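# Structural overview for review
For reference, the chains in residue letters:
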Amino acid sequence: MYANHRLSKLQLSLEQQHEDLQKRIHQYEEMSRRFGHVEDDLRDLQRRKRKLSEIERALRRLMCGNYGICERCGVPIDPARLEAIPETTLCYKCSARYG
C-alpha cells in the first residue's frame, strides 16, 4: 500500500506537528489566563486543538495499520494527498462529498 520509508517520514512529520501544536496550545492557554480572552486568539486556539485531534487520530491509525485507507469508502488514499495533508482520513472524493 504505502512504502515503509514514506510512512516513517509521515509519522515523524505528524509527531513533530503534534508536539508543536501542544506547545502552542499551552502558550495560548497561559496567555488567556494572564490577559483574558481575545476572540481571535480563541478561534485560533480552537483551530489548533482541532488540528491536534486530527493528528492524534492519524497517529493512532498509523499504529493500528490502517493509515492511508479512507475511513468512508475503504479505498487507499492517494499518496500525494497524504504527503500534502498527512492527517487526512478521507480520500479526495469522500472529502469533497462529505467534507
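Quick caveat: nothing in here was measured; it's all calculated off a predicted structure.

### Let's talk about the pattern of salt bridges
Per the stated rule, a full pass over the model turns up six salt bridges. Notably, a salt bridge pairs Arg-48 with Asp-44, separated by 2.9 Å at the nearest N-O pair. Remark: Asp-44 and Arg-48 occur in helix α2 (residues 39–64); sequence separation between them is four residues, near one turn of the helix. Both residues of the pair, Arg-48 and Asp-44, belong to the buried class. Between Glu-71 and Arg-57 there is a salt bridge; the shortest N-O distance is 2.4 Å. Placement of Glu-71 in the loop between α2 and α3 (79–84) and of Arg-57 in helix α2 is noted, with a sequence separation of 14 residues between them. With a relative accessible area of 36%, Glu-71 lands in the partly exposed category. On the basis of relative accessibility, which here comes to 37%, the residue Arg-57 falls in the partly exposed class. Several salt bridges share partner residues, and in doing so they unite Asp-44, Arg-47 and Arg-48 into one network.

The rules behind these values
- Residues numbered from 1 in each chain as written.
- Predicted model: local features only at pLDDT ≥ 70, side-chain atom pairs only at ≥ 80, totals over all residues.
- Heavy atoms only, no water.
- Salt bridge = Lys/Arg side-chain N within 4 Å of Asp/Glu carboxyl O.
- Helix = DSSP H or I, 4+ residues; strand = E, 2+ residues; numbered from the N terminus.
- Buried < 20%, exposed > 50% of the residue type's maximum accessible area, 1.4 Å probe, protein only.

The quantities given are spatial measurements derived from coordinates; they are silent on function.
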